[in-house]
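This is what each chain is made of:
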Amino acid sequence: MTNKLTWFGHAALGLETGGCQLLIDPFFSGNPAAATTADKIAADFILVTHGHGDHVGDAVAIAKRTGALVISNFEIATWFEKQGCKTHAQHLGGGYKHPFGYLKLTLALHGSGLPDGSYGGNPAGFLLTTNDAKKIYLAGDTGLFGDMKLIGEEGLDLAVIPIGDNYTMGPDDALRAVKLLTPRHVIPIHFGTWDLIAQDPNAWASRVQKETSAQAHVLKPGDSFAF
Ligand code: NI
Ligand code: MN
């Protein structure tokens, strides 16, 4: 079985695993880095890390068009349900066996207010164990936290982490995150969308190669990584 992760720009990701098409934080409309559009994309499941507009993005429209199940924390799932979407609510530390694998919500240090001002609960990351036993950590928007070490203890095949600075970890803290997470592969996201989060991902990847045992993969929006 192969798993394929696609970066659509900013924090929008696609993941093909176990015959399922997952979308994570599908922000396309208004995303200057978007590699595709909301009306074209396929989805069986939509995972939303937190309530901010650059993560909720086009999730409502895509969920309604495709019938995809929206998975998020209880507060955000309740909000999506009110918009007429099918939802599955989880919360931090809780895992559930979905058709695509076992998905656990993890801690993230950030905010989570929804675009219309509704309360979005606590922000989250996702730790997915695929049906072929690959461990994927999607950090979401977060600052550095020491418990990344606990997440790393699960044995990560892939970590996808923000490096943009200003709203999330910047390159220095993201490098420290790699040292705590000790993933086999790491992919940087949440940079370059706007000047405020402009970064040099290749310079960061070189530091990862030099200072850790992880392999860093710098994608361009639209690029995929198979593992
Ligand atoms: Ni955010
Ligand atoms: Mn964000």
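Shown above is the structure to which this text applies.
Residues numbered from 1 in each chain as written. Chains lettered and ligands numbered in written order. Predicted model: local features only at pLDDT ≥ 70, side-chain atom pairs only at ≥ 80, totals over all residues. Heavy atoms only, no water.

Some details on the coordination of the nickel ion (ligand 1)
Our working definition: The donor definition counts N, O and S atoms within 2.8 Å of each metal and applies 3.2 Å to Na, K and Ca; water is not among these atoms, so some sites may look incomplete. Tetrahedral means four donors with every angle between 85 and 135 degrees, whereas square planar (four donors) and octahedral (six donors) require angles over 155 degrees between opposite donors and between 65 and 115 for all others; sites fitting neither are termed irregular. Starting at the N terminus, helices and strands are each numbered in turn, a helix being any DSSP run of H or I of at least four residues and a strand any DSSP run of E of at least two. Relative accessible area decides the class of each residue, using a 1.4 Å probe on protein chains only: under 20% of the type maximum gives buried, over 50% gives exposed, and in between gives partly exposed.
For the nickel ion (ligand 1), the full set of protein donor atoms is His50 (NE2), His52 (ND1), His110 (NE2) and Asp141 (OD), and the range of their distances to it is 2.2 to 2.4 Å. Between the 4 donor atoms coordinating the nickel ion (ligand 1), the angles at the centre fall across 86 to 175 degrees, so the site counts as irregular. In terms of primary sequence, the donors binding the nickel ion (ligand 1) are separated according to H-x1-H-x57-H-x30-D. Separating the nickel ion (ligand 1) and the manganese ion (ligand 2) is a distance of 3.2 Å, and Asp141 donates to both of them. Of the two residues, His110 is situated in the loop between strand S8 (101-107) and strand S9 (124-130) and Asp141 in the loop between strand S10 (135-138) and helix H4 (148-152); the sequence distance between them amounts to 31 residues. For Asp141, a relative accessible area of 3% corresponds to the buried category.

Looking at the layout of surface pockets
In plain terms, the rule: As defined here, a cavity is a set of points on a 1 Å grid over the protein atoms alone where a 1.4 Å probe fits but cannot get out. A pocket is an open set with protein on both sides within 12 Å along at least five of seven lines, and residues line them when an atom is within 4 Å of a point. Grid points are joined across faces, edges and corners, and a volume is the space filled by probe spheres set on the points. The classification used treats Ala, Val, Leu, Ile, Met, Phe, Trp, Tyr, Cys and Pro as nonpolar, Asp, Glu, Lys and Arg as charged, and all other residues, Gly among them, as polar.
Taken as a whole, the largest pocket encloses approximately 160 Å³ of empty space. Together, Leu92, Gly93, Lys104, Leu105, Thr106, Leu107, Leu127, Phe145, Asp147, Leu150, Ile151 and Glu154 line the largest pocket. Mapped by element, the contributors of at least two residues to the lining of the largest pocket are S8 and H4. Looking at which element gives the most residues to the lining of the largest pocket, the answer is S8, with 4 residues. For the lining of the largest pocket, the residue count by class is 7 nonpolar, 2 polar and 3 charged.

Here's the deal with unusual backbone geometry
One non-glycine residue with positive phi stands out, namely Thr182, at about 40 degrees. Along the chain, Thr182 falls in the loop between helix H5 (171-181) and strand S12 (185-189). A positive phi angle, near 55 degrees, is found at His190, a position not held by glycine. When you line up the elements, His190 lands in the loop between S12 and helix H6 (201-211).

A closer look at the packing of aromatic side chains
Inclusion rule: Stacked, tilted and edge-to-face pairs are distinguished by plane angle, under 30 degrees for stacked and over 60 for edge-to-face with tilted covering the rest, among Phe, Tyr and Trp rings (Trp via its six-membered ring) whose centres lie within 6.5 Å.
Enumeration over the complete set of coordinates arrives at 6 aromatic pairs. Judged by centre distance (6.3 Å) and plane angle (40 degrees), the ring pair of Phe27 and Trp194 falls under tilted. One end of the pair, Phe27, is in the loop between strand S3 (20-24) and strand S4 (45-47); the other, Trp194, is in the loop between S12 and H6, and 167 residues separate them in sequence. In this structure Trp194 comes out as partly exposed when scored by relative accessible area, which is 32%. Measuring from centroid to centroid gives 5.2 Å for Trp79 and Phe80, while their planes differ by 90 degrees, and the two rings are edge-to-face. A residue is classified by how much of its surface remains accessible, and Trp79, at 11% relative accessible area, is buried. Exposure remark for Phe80: the relative accessible area of 0% places this residue in the buried category.

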